[in-house]
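Commentary on secondary and tertiary structure
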Amino acid sequence: MRVGVFDSGVGGLSVVKSLLEHQLFESIIYFGDTARVPYGVKDKNTIVRYSLEALEFFKNFEIDMLIVACNSVSAYAIQELRVNAPFKVIGVIEPGVLAVQNALKHKDTNILILGTRATIASQRYAHLLQNCGYNNLTSLAPSLFVPIVEEGIFEGALLQSAMEHYFKDLVTPDAIILGCTHFPLLASAIQNYFPNSLLIHSGEAIVEHLRVHCDFAKQSNATKLQLFASENPENLKATAKKWLGDLFL
Ligand code: DGL
């Protein structure tokens, strides 16, 4: 099976990493809209327009499905993409909610939803979780985390003070949804800050969702990964080399 992965920038490589680790696809076409990242501070109309433009790019390839790794796009443009796409389109929010349901049996579990401003403003995670009965939710948009990751900072004093800034008044959550492609890259730092909280990661949630909802006749031994970016593709490739390590051939 061939899949497209769409993100606003390089962050969707966190989802690609999980897809490569589980060897579900024979090929992955990745497109990051690096010329226009970040999406998470833009309004719905802009996010929908950018997403439909990215869809035109994917129509040039014979893919069986498109995974929207970007939470901001998943929050605001998934319906428009589904209506206009000739292939299946899967966002990350429903899989994230499925992962919560699988992991957390008590509905009063204290869940912290982290996302971009757009994702949090859409309330997609909060509404879906409320529909499943979860009633102890806190939503937070730690906007500085995105440029920190873009700078290649995954630990240290700067990240520590950003976490302090956003997290200092919170009651320790039982679970934290990393509802932005960039945040899994900060997973160890966030886990150190909240050592007893369960982290829910979009990439792993997508894999779980795909195994339940898609029919994979066979596993692929080696996934071919092609990387495209609307600006500076060399930077995307360099980041992929760093983040994906041996998985990136
Ligand atoms: N990819 C975005 C998301 O997951 C994060 C970066 C951005 O703001 O574009 O929401």
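Provided above is the structure to which this section pertains.
Quick caveat: nothing in here was measured; it's all calculated off a predicted structure.

1. As for the sheet that holds strand β4 (residues 88-90)
Read across the sheet, 5 strands follow the order β4-β3-β1-β2-β9 without closing on themselves; strand pairing throughout is parallel. Looking along the sheet, the strands with just one partner apiece sit at the ends: β4 and β9 (224-229). The average angle at which neighbouring strand axes cross in this sheet is 20°, direction not considered. Bridge analysis of strand β3 (residues 65-68) against β4 gives 3 bridges, and the strand direction is parallel.

2. Digging into the site of the ligand
Near the ligand you find 13 residues, and of these S8, Y39, G40, S72 and T181 are the closest. Within the side chain of S8, a nitrogen or oxygen atom sits 2.6 Å from an oxygen atom of the ligand. Contact distances for the ligand include 2.6 Å between an oxygen atom and a side-chain N or O atom of S72. Protein chains shield 99% of the accessible area of the ligand, which is 290 Å² for the free molecule. Broken down by class, the residue content of the shell around the ligand amounts to 5 nonpolar, 7 polar and 1 charged.

About the thresholds
Residues numbered from 1 in each chain as written. Predicted model: local features only at pLDDT ≥ 70, side-chain atom pairs only at ≥ 80, totals over all residues. Heavy atoms only, no water. Pairing = 2+ DSSP bridges. Helix = DSSP H or I, 4+ residues; strand = E, 2+ residues; numbered from the N terminus. Axes fitted to C-alpha atoms, helices over the stretch in contact; angles between N-to-C directions. Near = heavy atom within 4 Å. Polar contact = N/O pair within 3.5 Å; in protein donor to acceptor, adjacent residues only side chain to side chain. Areas by Shrake-Rupley, 256 points an atom, 1.4 Å probe, with all protein chains shown as cover. Nonpolar A, V, L, I, M, F, W, Y, C, P; charged D, E, K, R; others polar.

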